[in-house]
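Listed below are the residues making up each chain.
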Amino acid sequence: MENFIDQPLGLVSEMTRREFVHILETISGTKDLVVDRTLLRAFDRIANMSLLKQHGVAGVIPLRTDGPILTTSEAQKRIYLVRSSLQMAKTLCSLIRSEPNLSCAVIWVDRMLASCSKEFELHGVSGLVEEYDWSLSLVTIESDLFSLEIPLHLSTSSTGDIFTAANSLWQFQSLYGQIPTVYGIGERSDEVWRVLRRLYVEKGEPRASPDQPVSHLFVLDRALDNASVFLTALTYESMLHDTFGISCGKVTFSGDVEERLKRTTGENGINEVENKTSKSKPVLLDNNDAVFSAVRNSHMTAVFPFLSSKAKEIQNNYGKGTSFDQVSDMKLFVSNELKSLKLQHRQLETHICACEVVLERTAMVNASERLEIEQAIIANTADLNTVFEYAENCMLMDHSPWQILLLICLASMMNNGLPGKLLNSFKESFISSYGIAFLSVLNTLSKKKLLMTRSILSSSTSLPNVIGVQPHEGNSTLPFIVKRLSLVPAATEFVNDFKNPQKMNYVFSGAYTPVMCQVVADVMMQGFNITDLKKTFNGKVFVEENSFVPAERRPDSRMRKAIMVFFCGGVTYAEIAALRLLAQLNSFRIIIVATNIIHRETYIKCLGDVSQL
Amino acid sequence: MNARNQFNFPDEEDQYWNENGSTNSSFFDDRRPNELLAKHELTRMAMDNLFEDVRTPCEPSTSKQPPPPLQSMQTTPTWKNNVVFTAGATKSATTTPLKMEAPRLPPKAPFPDIGLKPAASVVSIAPSECSVSSFPSDAQQQEIDYNRLKNEHRKLQRHFEMIRAERYKAPDVRETTRRLFMNEPVALDLYKSKAEKLALLDAAIEMIDGNVILAVVFFIQRTVSESIFREILLQKPKAAEQYIQYLKDAKNVDELMTTMCALGRTTEAAMVEFNVAMEAKTVTQKVILLKKALGSTFLDPNLQMEREQVRRYLDLVERQTQIEVTDSQDKSKLFTDYPKNASLIGQPAIHTLYYSCLYHHDDPTTAQASPQAIKDLCHLNDKQLTWMSIQTLVKQNRWLDIEKALCPRSLIPNLGKTGGYLKANVVPMVHLLRLLHLDKAQPPKDLVCRLLRTLPNMNDKLRFAEKYMATEVVIECTQQQKDRTRLEAYLKKLTPHSSDHYKTLAALNNSNAKWK
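Residues numbered from 1 in each chain as written. Chains lettered and ligands numbered in written order. Predicted model: local features only at pLDDT ≥ 70, side-chain atom pairs only at ≥ 80, totals over all residues. Heavy atoms only, no water.

### Here's the deal with the interface of chain B and chain A
Condition: We call two residues in contact whenever any of their non-hydrogen atoms come within 4.5 Å of each other. Accessible surface is computed with a 1.4 Å probe, and the buried area is the amount of it that two parts give up when combined, taken over both parts together. For salt bridges, the criterion is a side-chain nitrogen of Lys or Arg within 4 Å of an Asp or Glu carboxyl oxygen.
Taken together, the contacts link 49 residues of chain B with 47 residues of chain A. Taken together, both faces of the contact between chain B and chain A bury some 4300 Å²; the carbon and sulfur share is 57%. Seen at the junction of chain B and chain A, the total is 7 salt bridges. Note that Lys248 of chain B and Asp609 of chain A form a salt bridge whose closest N and O atoms lie 3.2 Å from each other.

Following this line, the structure appears as structure tokens:
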């Protein structure tokens with residue numbers, strides 16, 4: 001197993017792994033490890049099979065709720081590794097009670113919850129099992145990207161992920177030293193910080209350390225910027241995520257990609273057997289994949305040109321192989337370059353196929369029309385009748401209901417609500433098309449003010465020239481934030497060069513800069529202005545100074561320290577790409593930490609409080 | 001002391017004895033027993049003194065035999081066993097008194113009047129100053145030591161008594177919530193009064209952590225009557241939120257709805273009832289549950305739209321059931337050509353319309369299954385009707401009927417004459433053309449051309465014509481725009497020797513046409 005310590009923030013992973021080994025050693029005998037499906041991939045990043053075997057694990061089995069768990073025969077004990085939730089506690093209760101003679105242990109990820117303990121007590125399971133708490137903490141996705149991998153529905157509910165987020169920040173600081181300057185924006189960020197303070201009291205306050213790799217921390221609240229999720233982002237990674245769903249840095253391509261791959265590799269005569277083994281196997285997407293690392297943050301329009309030029313390059317290199325006169329040259333070529341060429345070739349093929357499928361699917365749902373409408377909405381130039389007509393056509397074509405909701409919610413937020421007549425007719429058609437079951441989703445979205453009727457009062461203020469009016473209570477409206485932070489470029493400065501992007505808004509084809517990224521950029525340029533930000537967001541903003549450097553001063557890239565951006569409630573790949581560009585343009589190092597990486601459709605489902613649909 | 005002085009060597013030559021004398025015990029063998037005896041006596045005395053003094057305040061009824069000093073220590077195990085924390089006692093049983101005084105205790109310790117430092121100093125002083133070897137150094141020093149020991153012992157004794165007395169008293173709410181936060185066992189049952197419970201809940205809310213709040217909410221729910229519990233939830237929205245989230249997770253529907261209604265969140269309660277109805281396995285059950293909901297939670301005036309939608313759904317299901325019954329006996333060719341793969345009952349309105357368009361397109365408009373009737377029942381619009389009819393008619397290649405569907409009713413008699421009367425504007429052209437070519441359908445070229453000619457915008461017309469290979473329109477447009485290159489490019493896309501190919505070639509070779 002690779003050594004974590006040399007990796008960025010590797011100590012955190014190392015400690016997580018050691019803590020797990022410690023728990024394994026505490027539980028005597030050989031054991032089977034039954035792992036919660038939502039934890040499998042993240043867990044795989046922490047511990048591999050050989051390590052587990054060394055510590056008495058006979059087998060790792062995914063937790064099934066639909067049938068009996070097949071275990072290895074030699075194991076004396078069974079350990080359940082689960083993310084603590086009431087649902088999971090119920091499952092465990094029935095599992096444990098169905099096999100009363102089996103000695104069991106439960107490792108709760110993050111911690112045992114009151115509701116779980118109540119459930120155990122109710123079913124007489126308390127005391128039958130050994131219980132341990134283990135925090136998964138920061139899972140390394142990429143050298144600059146860490147995720148807590150909390151399921152989205154937990155982080156959008158009120159019980160939330162606050163403790164987990166705070167605990168991970170405490171763990172990080174206890175290993176690397178206190179972060180000198182902390183900025184926080186939003187209600188949830190504030191809560192995380194208050195829980196973190198509590199942890200300081202209980203577990204000890206981290207000391208300042210000169211080796212601390214992070215100089216500034218931003219704690220940001222997802223709830224302040226839903227628009228970045230509702231808009232369709234056009235970076236390659238983001239589109240892959242929308243189409244196939246990347247989980248924990250891995251993607252499982254759908255059948256059509258696999259088929260294409262098979263066809264092309266068949267033509268090119270690459271080993272069929274090799275290909276078969278990789279079929280339906282998740283593909284790891286990270287910077288070790290040279291092709292992917294080059295295009296992951298590129299705008300979709302720049303991806304194909306790159307891929308084709310790369311293809312030519314590889315072809316030339318292959319061609320080199322035929323032009324050798326000397327046998328020794330040939331030998332050198334085969335031993336040195338051929339392997340990496342073949343690898344690149346395969347990577348290139350994978351991405352070309354994936355890219356084709358992504359484009360095909362987006363073409364199928366008229367994505368270009370949708371993009372135009374989205375851009376018009378965010379620029380506040382959209383005719384709402386056009387928007388609703390588009391939505392109606394989508395419904396008649398039986399497109400994904402969630403994509404339609406994303407669009408209409410965006411329109412509602414940007415216009416401070418929608419005209420009642422239009423909205424009602426939309427709701428009626430929506431239910432006619434997708435069924436009565438969506439009634440509660442629409443209701444929930446309305447309740448959360450994501451889909452609301454424009455009040456007479458606000459309709460007068462939504463005229464383009466007076467959108468800067470600040471509501472008296474509640475968080476700022478989207479148009480207000482857009483105006484304050486100038487997130488939408490004026491028509492004159494609209495740039496279309498996405499091959500060498502110079503602005504973060506390239507992720508949305510130049511139409512919009514994600515709020516959080518703009519905040520980080522502003523602080524980077526001008527320093528932290530607490531009164532300004534308070535006015536912008538009309539909510540909680542805090543700053544903490546743990547060093548002699550005044551917090552208002554802007555970060556200095558010459559210090560060679562990283563800026564950590566912590567997203568409570570999840571981050572999108574578009575924001576990640578934007579922050580990466582920001583880091584690159586200003587030669588900063590930005591470490592992105594999030595409670596999870598958002599999948600847009602899942603996000604709107606969670607907002608609509610969907611459990612069954 | 002005198003004995004020692006006896007052996008003081010005043011002579012300079014012998015003085016080294018003075019320095020080494022005390023350590024070299026062999027010289028003073030005769031003195032040792034004496035000294036030891038003295039030590040013993042002194043210690044004994046001191047100890048007796050100490051314990052007798054201390055015993056008086058806490059045990060007024062003095063027993064004759066003073067207990068040996070160790071006894072007080074021996075009582076600790078029983079003390080340990082006596083402590084029964086009602087909630088989750090497993091971990092706490094191991095807590096020893098010494099641990100209670102561990103320096104980990106936060107500054108806000110429950111007993112601020114008892115200094116914790118002395119406890120620690122007992123440990124540090126004992127081996128150094130009071131060790132037996134250094135004992136008989138100075139009488140005064142001894143005195144001080146004894147007093148100090150005595151005081152410390154007294155304090156500890158008092159502290160211990162207090163803990164003993166208070167073990168069943170509720171600890172400070174902050175201490176309890178702190179322990180909950182750290183997942184340590186606590187005894188919540190000691191908070192008896194409502195004020196105490198509220199204080200505990202407040203402290204929990206201050207912790208922010210939802211888990212702590214929920215633990216306290218569980219306790220309060222368990223120990224107070226329902227009405228008081230609801231009253232508390234009303235006062236503490238944060239607690240209510242946690243509780244509702246828990247009930248949602250637990251799928252405890254009855255309690256969830258009661259709680260929501262009690263909190264005045266009736267629309268949410270209605271949605272809960274609605275969702276429960278939606279989860280029912282069969283449509284019949286759904287209908288029963290929805291009817292029940294309409295009579296209860298859906299009466300909320302804010303739910304007008306929702307109520308209307310549910311009513312429409314119920315009507316639709318009724319109609320669907322009737323259609324399903326009639327159609328199951330229908331053995332017409334349509335049902336064998338396009339076999340049904342699912343039951344109609346419970347499908348959304350649009351699907352029902354599609355079904356009706358497919359199987360009942362030719363029914364009289366008054367028939368219950370006809371498209372028009374479904375459209376009226378579900379309050380659908382013309383666009384939806386036209387769209388669905390076209391989609392189904394294309395499937396059956398009924399091109400003439402498509403023209404009828406696209407044609408305003410008043411103009412039907414004129415059908416067949418070419419012209420721009422088709423009301424293509426209901427369904428946008430781009431979608432209409434796509435629908436006509438759905439599933440590789442081959443619409444008559446004439447129809448496509450006529451549709452295209454209705455388009456006002458030349459560029460759109462040409463673009464669509466090229467896409468759908470409407471050669472006539474392409475030729476017309478290119479000739480109008482005098483764009484020969486475009487027509488030549490179009491020619492290349494056509495299959496050679498097809499009629500379109502010849503037509504295009506002829507247009508290109510036409511000497512009458514003027515090109516740029």
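Here the narrative resumes, following the displayed structure.
### Focus: the state of the cysteines
As a reminder, the rule being used: Any cysteine sulfur atom paired with another within 2.5 Å is treated as part of a disulfide.
Evaluated as defined, the whole model comprises 0 disulfides over all chains. A disulfide-free cysteine, Cys477 of chain B has its sulfur positioned 9.9 Å from the sulfur of Cys449 of chain B, the nearest such atom.

### Examining the packing of helix α14 (residues 266–278) of chain B against helix α15 (residues 283–295) of chain B
All names here are of chain B. Convention followed: Axes here refer to lines fitted to C-alpha atoms; in helices the fit is confined to the stretch in contact. Angles between the N-to-C directions go from 0 to 180 degrees. Starting at the N terminus, helices and strands are each numbered in turn, a helix being any DSSP run of H or I of at least four residues and a strand any DSSP run of E of at least two. Angles are sorted into four bins: roughly parallel if under 35 degrees, roughly antiparallel if over 145, roughly perpendicular if 65 to 115, and oblique for all others. Each crossing gets its hand from how the near helix is turned against the far one by less than a right angle, where anticlockwise is left-handed and clockwise is right-handed. Amino acids outside the nonpolar list (Ala, Val, Leu, Ile, Met, Phe, Trp, Tyr, Cys, Pro) and the charged list (Asp, Glu, Lys, Arg) are all regarded as polar, and Gly is one of them.
Where α14 contacts α15, the two axes come as close as 8 Å, and the packing angle between them is 165°. The angle between α14 and α15 falls in the class roughly antiparallel. Both α14 and α15 take part in a crossing whose hand is right-handed. Taking contact as the criterion, the partners of Glu273, Phe274, Val276, Ala277 and Met278 in α14 are, on α15, Lys286, Leu289, Leu290, Lys292 and Ala293. Its residues assigned to classes, the contact of α14 with α15 comprises 7 nonpolar, no polar and 3 charged.

### Focus on helix α11 (residues 226–235) of chain B
Residues and elements named next belong to chain B. Rules: Any residue under 20% of the maximum accessible area for its type is buried, any over 50% is exposed, and the rest in between are partly exposed; the area is computed with a 1.4 Å probe on protein chains only. Summarising the geometry, the arc corresponds to the directions from the helix axis toward the C-beta atoms.
Every buried residue of α11 is accounted for by Phe229, Arg230, Ile232 and Leu233. Summarising the axial view, the buried residues of α11 lie within an arc of 160°, below the 170-degree limit, and thus occupy one face. Away from its buried face by more than 90 degrees, α11 exposes Ser227 and Leu234. Summarising the contacts, the buried residues of α11 are in contact with α9 (194–206), α10 (210–223), α12 (237–250) and α13 (253–262).

### So, the sheet that holds strand β2 (residues 57–62) of chain A
All names here are of chain A. Where we set the bar: In this analysis, strands are considered paired if DSSP registers two or more bridges between them.
The sheet built from 5 strands is open, its strands ordered β2-β1-β3-β4-β5 with parallel pairing. The open sheet has two free edges, formed respectively by β2 and β5 (130–134), since each of these has just one partner strand. For this sheet, the mean angle separating the axes of adjacent strands, direction not counted, is 20°. The sheet contact formed by strand β1 (residues 31–35) and β2 spans 5 bridges and is parallel. From the neighbouring strand, Lys31 faces β2, where its bridge partner is Val57. Its contacts with the sheet put helix α4 (residues 86–98) on β3 (77–83) and β4 (103–109), and the angle it makes with β3 is roughly 165°.

### A look at the pairing of strand β6 (residues 139–142) of chain A
Residues and elements named next belong to chain A. In the sheet, β6 pairs with strand β7 (residues 145–147) via 3 bridges, with the strands oriented antiparallel. Residue Glu142 lies in a different strand from β7, and its bridge partner there is Leu145. As consecutive antiparallel partners, β6 and β7 are separated by 2 residues.

### As for the nonpolar core
Quick note on the threshold: To form a nonpolar core, buried Ala, Val, Leu, Ile, Met, Phe, Trp, Tyr and Cys residues must be joined to one another through side-chain atoms within 4.5 Å.
Counting 163 residues, the largest nonpolar core has Leu81, Trp134, Phe230, Leu240, Phe426 and Tyr512 of chain A as the members making the most contacts within it. Excluding its chain neighbours within four sequence positions, the residues that come into contact with Phe230 of chain A are Arg370, Glu374, Leu406, Cys409, Leu410, Met413, Leu450, Arg600, Tyr603, Ile604 and Leu607 of chain A.

### Some thoughts on the UniProt feature "coiled-coil region" (unreviewed entry) in chain B
Rules: UniProt positions are given in the numbering used here, feature names are shortened, and annotations may be inferred rather than shown by experiment.
With numbering aligned to this structure, UniProt lists the feature "coiled-coil region" (unreviewed entry) at residues 139–166 of chain B. Between the first and last C-alpha atoms of residues 139–166 of chain B the distance is 40 Å; the span itself is 100% helix and 0% strand.

### Some details on the confidence of the model for chain A
Residues and elements named next belong to chain A. Using the following cut-off: A residue's pLDDT is the confidence the predictor assigns to it, expressed on a 0 to 100 scale.
When the pLDDT values of chain A are averaged, the result is 85; 90% of them are 70 or greater. When the criterion is pLDDT under 50, residues 268–278 qualifies, and its contacts beyond four places in sequence or with other chains add up to 11 contacts. Considering only residues more than four positions removed or in separate chains, one finds that residues 458–472, a stretch of pLDDT under 50, has 23 contacts.

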